[in-house]
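What follows is each chain in one-letter form.
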Amino acid sequence: MKMTREQLYRRIEQAEPGEIAKLEAQIATCSWRQSYHIQPVTGLLNDPNGFSYYQGYYHLFYQWFPLGTEHGLKYWYHTRSNNLVNWENVGIAIEPGGPYDSHGAYSGSAIEKDGKLNLIYTGNTRDKNWIRHPYQCLAIMDEENVVTKFEHPVISDVPAGYTEHFRDPKVWQHDDVYYCVIGAQRMDETGCTMLYRSADLKHWQFLGEIMTTLPSFGYMWECPDYLEMEGQGVLIFSPQGIQPEAERYHNIYQSGYLIGEPLDLESREFKHGKFHELDRGFDFYAPQTMHSPDGRRILVAWMGLPDLAYPTDDSGWAHCLTLPRQLSIQGDKLIQQPVPEMAQLRGEQQGIQAQSTINNESRSFAGFHGIAYELECEISQNDANLVGIEFRASDTEKTIVQYNQLDRKLILDRSHSGAALSEANGTIRSCSLDVDSEAEVHNVIKLRMFVDSSSVEIFVNDGQEVFTSRIFPSRDSAGIQFFAHGGKADFKMVIWKYEME
Ligand code: FRU
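Residues numbered from 1 in each chain as written. Predicted model: local features only at pLDDT ≥ 70, side-chain atom pairs only at ≥ 80, totals over all residues. Heavy atoms only, no water.

Caption draft 1: Structural context of the packing of aromatic side chains. Counted according to the given criterion, the structure contains 27 aromatic pairs. Each ring, one from Phe 450 and one from Phe 459, has its centre 6.1 Å from the other, and the planes form 85°; the classification is edge-to-face. Taken as a pair, Phe 450 and Phe 459 share a single burial class, namely buried. In this structure an aromatic cluster arises from ring pairing among Phe 217, Trp 221, Phe 237, Tyr 249 and Phe 275. Positioned above the aromatic ring of Trp 496, the side-chain terminus of Arg 346 is 3.6 Å from the ring centre. Above the face of the Phe 282 ring, Arg 414 is positioned so that its terminal group lies 3.8 Å from the ring centre. (Phe/Tyr/Trp six-rings, centres within 6.5 Å; stacked < 30°, edge-to-face > 60°. Buried < 20%, exposed > 50% of the residue type's maximum accessible area, 1.4 Å probe, protein only. Lys NZ or Arg CZ within 6 Å of the ring centre and 35° of its normal.)

Caption draft 2: View of the sheet that holds strand β17 (residues 285-291). Pairing within the open sheet is antiparallel, and its four strands lie in the order β17-β18-β20-β21. At either margin of the open sheet sits one strand with a lone partner, and together these are β17 and β21 (333-338). Between one strand axis and the next, the sheet turns by 40° as a mean value, whatever way the strands run. (Pairing = 2+ DSSP bridges. Helix = DSSP H or I, 4+ residues; strand = E, 2+ residues; numbered from the N terminus. Axes fitted to C-alpha atoms, helices over the stretch in contact; angles between N-to-C directions.)

Caption draft 3: View of the site of the ligand. Asn 46, Asp 47, Gln 63, Lys 74, Tyr 106, Ser 107, Arg 167, Asp 168, Glu 222, Tyr 285 and Trp 302 make up every residue found near the ligand. Interatomic distance of 3.0 Å between a side-chain N/O atom of Asn 46 and an oxygen atom of the ligand. Gln 63 is positioned such that a nitrogen or oxygen atom in its side chain is 2.7 Å from an oxygen atom of the ligand. Contact with the protein chains removes 91% of the 320 Å² of surface that the ligand exposes when unbound. (Near = heavy atom within 4 Å. Polar contact = N/O pair within 3.5 Å; in protein donor to acceptor, adjacent residues only side chain to side chain. Areas by Shrake-Rupley, 256 points an atom, 1.4 Å probe, with all protein chains shown as cover.)

Caption draft 4: Representation of the pairing of strand β13 (residues 220-229). The buried count for β13 comes to nine of ten residues, which makes it a mostly enclosed element. Adjacent in sequence and paired antiparallel, β13 and strand β14 (residues 232-240) are bridged by two residues, among which Glu 230 carries a positive phi angle near 50°.

Caption draft 5: Highlighting empty space enclosed by the protein. Within the structure shown, the criterion is met by four cavities of 30 Å³ or more. Empty space within the largest cavity amounts to approximately 80 Å³. What lines the largest cavity is a set of 14 residues, and nearest its centre among them are Asp 168, Cys 223, Pro 224, Pro 287 and Gln 288. Among the secondary structure elements, those contributing two or more residues to the lining of the largest cavity are β1 (43-54), β5 (105-113), β9 (162-174), β13 and β17. In terms of residue class, the lining of the largest cavity is made up of six nonpolar, four polar and four charged. (1 Å grid on protein atoms, 1.4 Å probe; cavity = no way out; pocket = protein on both sides within 12 Å on 5 of 7 lines; lining within 4 Å. Points joined across faces, edges and corners; volume = space filled by probe spheres on them. Nonpolar A, V, L, I, M, F, W, Y, C, P; charged D, E, K, R; others polar.)

Caption draft 6: Quick peek at the layout of surface pockets. What the largest pocket holds in volume is close to 830 Å³. Surrounding the largest pocket, 26 residues form its lining, Met 1, Met 3, Gly 68, Thr 69 and Glu 70 being those nearest its centre. Of all elements in the fold, only α1 (5-8) and α2 (19-28) reach the threshold of two or more residues within the lining of the largest pocket. Among the elements that take part in the lining of the largest pocket, α2 stands out by supplying four residues, more than any other. Taken together, the residues of the lining of the largest pocket break down into ten nonpolar, seven polar and nine charged.

Geometric descriptors of this kind do not, in isolation, establish any biological role.
And the structure:
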């Protein structure tokens, strides 16, 4: 049942007696709780926020509405980890409800300064006519994880020429100066990114828009992130209002990036190549990156999309975050690989291995089954029309990842995965694999899949493409079948089990 506005904008202490216990009881019996992904204790999770490294821990916060699975009053919930693999729930970091964040502590970022972690976020407020007034706010977290809000907003106004859709500050330091990008909408309802500068994180000077060659690309750009790596500038953002085009832009909202010369911080000109989607799956939005102490650029995203219902809604919780991915650049594309730390999930396991030529058939192998695992599969010497894997499979359910040799496309099909998802987001995603990539020349397809109780992340050909999706099979659907149709192919695979009871 949909909540009323009054119910949606309640703070956690305004919950009815027993309301949270009821959500917890529903969640305890939900078969889709994840084994190794970050998920909310109750209610709804959305964007990752404040991804950073501070005092020996990776800190990862997320947007959280504790009292239901709709987008209600948002908190920042805090998790931390010393290895990017095992995350500990710390608790609420930023509570909304103050004069400048009365209707939500919206997305933002974190940066260390003078031994403290500075959290810069959008305070969402609504007036009596329900018109938004966004403020960019600062909260400071100390060594004990205690968060104190700075009394006043650090940016109180939306610059002239832009609407109230103005949010999601992402801060970085360049020499002695701080810069920040903010997602915005122009008065003509096109999206863009704003650039600000500050010496102290408290006083910000508006510089203007980042000038791209995409003056009219969707109606709003959410969650911008600017970073530099390998001598290049990268602008990541989540544009809304892009129409599907061949295999691209099939999710209701997109997330992607532009790579180019480092942003000119004086002229704000960004010379870049074309927009690429970050992920080819169904559920991926609002990514945020951080710079690790050993110099890596790591990305985490929300494994969900706004404005869609999900099958766990009836069980009192919704959504999770993706695994952390390490970025690198190849040509004009970002390559995304699971962070090497993920191998720690394997523990003592050597992995169960199998190898076989599969000829016009579908085969299963001893030990290859499960509901939470990592599976590596290399397919070579492939002269079949169609090769692939059915997983989370039973007589009635299966999710299929397959490569179609004729049109050189990789396809993810969740039309029979289990509980149905919103039709608005479709059931099949496909993408052409880069023709001149080394793997194609050698006719090899490498799939590295992280399957959890209700999700799959498929890294294709060492991170050339990633398909990230929620799936909602029954726990009995644990089968894995490897197939080659219209020819034969050599398969080599390894599985590690990650079921944590
Ligand atoms: C993206 C987003 C952000 C906003 C936050 C609110 O999913 O809409 O733009 O800050 O979610 O939860």
